[in-house]
Amino acid sequence: MKLFEDEIDFTKNILPKDGTVNYYGKLLDPKSADHYFEVLLHTILWRNDEAIIFGKKIITKRKVAWYGEKEFQYTYSKTTKLALPWTKELLELKEKTEHETGETFNSCLLNLYHNGSEGMAWHSDGEKDLKKNGAIASLSFGAERKFAFKHKETKEKISLQLEHGSLLVMKNATQTHWLHRLPPTTSVHTPRINLTFRTIEEGKTLSNTNHYPTK
């Protein structure tokens with residue numbers, strides 16, 4: 001099942017069951033989206049991502065960064081990241097996202113895809129550090145890319161195009177019942193930056209969660 005802009009109400013749930021995904025479309029106007037893309041591209045402390053797969057360390061071409069209001073430790077793919085303090089622009093985008101969605105977030109995982117050859121395999125964001133059934137807000141900048149969901153049991157698939165400056169929110173039981181991915185493509189030759197604002201629950205993180213100043 002493929003979703004097109006003229007077929008959906010951006011405020012409604014695009015999943016047929018077992019979760020909630022809302023696509024808000026463009027949260028930012030093109031000029032503002034261009035501005036944030038350039039700032040994020042050049043000021044975020046990007047690092048190649050690492051994962052332990054079948055006992056071997058894999059270094060990805062895709063780059064990542066982890067920011068938050070505290071020194072949160074976040075573990076996935078058997079690697080742990082320590083959150084950096086918010087930048088001015090990340091706080092601005094967090095506030096815009098919270099205002100639009102009515103949700104609150106205390107951390108953000110960022111991904112930089114240099115072109116369409118870089119993507120993400122099927123997965124769920126169900127790490128133990130995250131708030132159970134909490135909202136994850138995804139902001140996209142740069143190249144427009146396809147984003148897909150697959151039900152874990154029925155294998156039903158749903159996909160949509162994530163636009164430059166757009167907002168998508170996954171919440172409730174979505175991570176329990178659905179996988180999602182960013183499939184690679186040969187038709188995209190420019191970068192995409194994705195921000196996923198999340199909530200780390202107190203008491204679930206590893207030690208060392210000192211508060212960062214917000215300014």
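Calculation rules
- The written sequence of each chain sets the order in which its residues are numbered from 1.
- Whole-chain, interface and lining totals are the exception, using all residues; otherwise, since this is a predicted model, local features are given only for residues with pLDDT of at least 70 and side-chain atom pairs are given and counted only at 80 or more.
- To obtain the side-chain values, all non-hydrogen atoms of the structure were used and water was disregarded.
- In this text, helices come from DSSP runs of H or I with a minimum length of four residues, and strands from runs of E with a minimum of two, each type numbered from the N-terminal end.
- The rule is simple: take the accessible area with a 1.4 Å probe, protein chains only, and divide by the maximum for that residue type; under 20% is buried, over 50% is exposed, in between is partly exposed.
- In this analysis, two residues are considered to be in contact whenever any of their non-hydrogen atoms come within 4.5 Å of each other.
- Note on pairing: DSSP must find at least two bridges between two strands before they are called paired.
- We define a salt bridge as a side-chain nitrogen of Lys or Arg found within 4 Å of a carboxyl oxygen belonging to Asp or Glu.
- Any N or O atom pair separated by 3.5 Å or less is treated as a polar contact, with the protein-specific requirement of one donor-capable and one acceptor-capable atom, and with residues adjacent in sequence counted only for side-chain atom pairs.

A. Examining the overall build of the protein more closely. Helices and strands together make up the secondary structure of the protein, namely 3 helices and 14 strands. Looking at the 215 residues of the protein, the share that counts as buried comes to 49%. Sequence separation of at least 24 residues holds for 75% of the intrachain contacts in the protein that already meet a minimum separation of 6.

B. Structural detail: the pairing of strand 7 (residues 107–113). Of all 7 residues in strand 7, 7 are buried; the element is thus mostly enclosed. Both faces of strand 7 are covered, namely the face carrying S107, L109, N111 and Y113 and the face carrying C108, L110 and L112. In this sheet, strand 7 lies alongside strand 3 (residues 56–68) in antiparallel orientation, the contact comprising 6 bridges. By the bridge assignment, W66 is partnered in strand 7 with L109. Across 7 bridges, the pairing between strand 7 and strand 14 (residues 192–198) is antiparallel. Residue L112 lies in a different strand from strand 14, and its bridge partner there is I193.

C. Region of interest: the pattern of salt bridges. Summed over the entire model, instances satisfying the criterion amount to 5 salt bridges. Here D129 and K128 are joined by a salt bridge, their closest N and O atoms 3.4 Å apart.

D. Structural detail: the side chain of D125. Checked against the element boundaries, D125 lands in the loop between strand 8 (120–123) and strand 9 (136–142). The class of D125 is buried, set by a relative accessible area of 8%. A polar contact of 3.4 Å, which involves the side chain of D125, links it to the side chain of H123. Residue contacts for D125: discarding those within four places in its chain leaves L130, I136, M170, Q175, H180 and R198.

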